[in-house]
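# Working through the structure, step by step
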Amino acid sequence: MGNTRKPLKRHKSIQPFSREHHQGLLLCWKIRKGIQNGVSYKKIKKYNDWFFENHLKPHFDDEEKYMFPVLGDNHEMIKKALSEHRRLTRLFGETTSLEKTINHIEEELDRHIRFEERELFMLIQEKATPEELKKIDEFHQELDFIENTKDKYWE
Ligand SMILES: [Fe+2]
Ligand SMILES: [Fe+2]
């Protein structure tokens, strides 16, 4: 009866990162919606650029600074996450072949976030010491999400 599946339990220190992931998944939704509505890729890119500079880049930086060291650079899952950060950074910076690039961003950002939420963060919160969790809590600056209302192309 009903849905008895429990939501993934996230340690309170890590919850701000998960809230940022929610905004990332929303970006993918906005891109899909824009494409469906025939919005130009140039217009989508303009919003993507704003999102990357103001939200995604600081998010990647803080993950790399405070979350990933819990497992260390030699861990296979960290290697994968770091290479996805590099790949996504390159895709957001791409200025040609916009159609192809934006479709890749939509697909790969979505996949990256789901990997972190379902696998990587589970392991990090399991392995982190109380001191590490405290540090994550203290130093990660959660960015309030203030929508860029200049160009809401998905509406
Ligand atoms: Fe990440
Ligand atoms: Fe992330």
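Rules behind the numbers
- Residues numbered from 1 in each chain as written.
- Chains lettered and ligands numbered in written order.
- Predicted model: local features only at pLDDT ≥ 70, side-chain atom pairs only at ≥ 80, totals over all residues.
- Heavy atoms only, no water.
- UniProt positions renumbered as here; feature names shortened; annotations may be inferred.
- Helix = DSSP H or I, 4+ residues; strand = E, 2+ residues; numbered from the N terminus.
- Expected span 1.5 Å × (residues − 1).
- Bend = angle between axes of the 7 residues up to and from the residue.
- Donors = N, O, S within 2.8 Å, 3.2 Å for Na, K, Ca; no water.
- Buried < 20%, exposed > 50% of the residue type's maximum accessible area, 1.4 Å probe, protein only.
- Axes fitted to C-alpha atoms, helices over the stretch in contact; angles between N-to-C directions.
- Parallel < 35°, antiparallel > 145°, perpendicular 65-115°, else oblique.
- Left-handed = near helix turned anticlockwise from the far one by under 90°.
- Contact = heavy atoms within 4.5 Å.
- Nonpolar A, V, L, I, M, F, W, Y, C, P; charged D, E, K, R; others polar.
- Salt bridge = Lys/Arg side-chain N within 4 Å of Asp/Glu carboxyl O.

## With respect to the UniProt feature "domain: Hemerythrin-like" (unreviewed entry) in the protein
Within this numbering scheme, the UniProt entry marks residues 20-123 as carrying the feature "domain: Hemerythrin-like" (unreviewed entry). Within residues 20-123, the helical portion is 85% and the strand portion 0%, while the C-alpha atoms at the span's ends are 19 Å from each other.

## Focus on helix 2 (residues 41-67)
Its 27 residues place the ends of helix 2 only 33 Å apart at the C-alpha level, less than the 39 Å of an ideal helix rising 1.5 Å per residue. Along helix 2, the helix axis deviates most sharply at Phe52, where the bend reaches about 50 degrees.

## Observations regarding the coordination of the iron ion (ligand 1)
Taken together, the protein ligands of the iron ion (ligand 1) are Glu63 (OE), His85 (NE2), His112 (NE2) and Glu116 (OE), with distances of 2.0 to 2.2 Å. The metal-metal distance between the iron ion (ligand 1) and the iron ion (ligand 2) comes to 3.1 Å, with Glu63 coordinating both. In this pair, His112 and Glu116 are both assigned in helix 4 (residues 98-127), four residues apart and thus about one turn of the helix distant. A single burial state applies to His112 and to Glu116, both of which are buried.

## Quick look at the packing of helix 2 against helix 3 (residues 76-93)
Between helix 2 and helix 3, the shortest axis-to-axis distance is 10 Å and the interhelical angle comes to 160 degrees. Considering the angle they form, helix 2 stands roughly antiparallel to helix 3. You can see that helix 2 and helix 3 cross each other, and the crossing is left-handed. Facing Lys45, Asn48, Asp49, Phe52, Leu56, Phe60, Glu63 and Glu64 of helix 2, the residues of helix 3 in contact are Leu82, His85, Leu88, Thr89 and Phe92. Of the residues contributing to the contact of helix 2 with helix 3, the split by class is six nonpolar, three polar and four charged.

## Brief notes about the side chain of His112
For His112, a relative accessible area of 1% gives the class buried. Leaving out residues up to four positions away in the same chain, His112 has contacts with Phe60, Glu63, Ala81, Glu84, His85 and Leu88.

## Side note on helix 1 (residues 15-36)
Taking 1.5 Å per residue, 22 residues should reach 32 Å; helix 1 reaches 32 Å between its end C-alpha atoms and fits that length. The elements touched by buried residues of helix 1 are helix 2, helix 3, helix 4 and helix 5 (130-139). Count one or two residues on from helix 1 and you reach Gly38, which has phi positive near 75 degrees.

## A short note on the pattern of salt bridges
For the coordinates displayed, the defined rule picks out 15 salt bridges. The salt bridge involving Glu147 is made with Lys30; its shortest N-O contact spans 2.9 Å. Residue Glu147 is located in the segment after helix 5, and its partner Lys30 is located in helix 1; the two are separated by 117 residues in the primary sequence. The partly exposed category is assigned to Glu147, whose relative accessible area is 24%.

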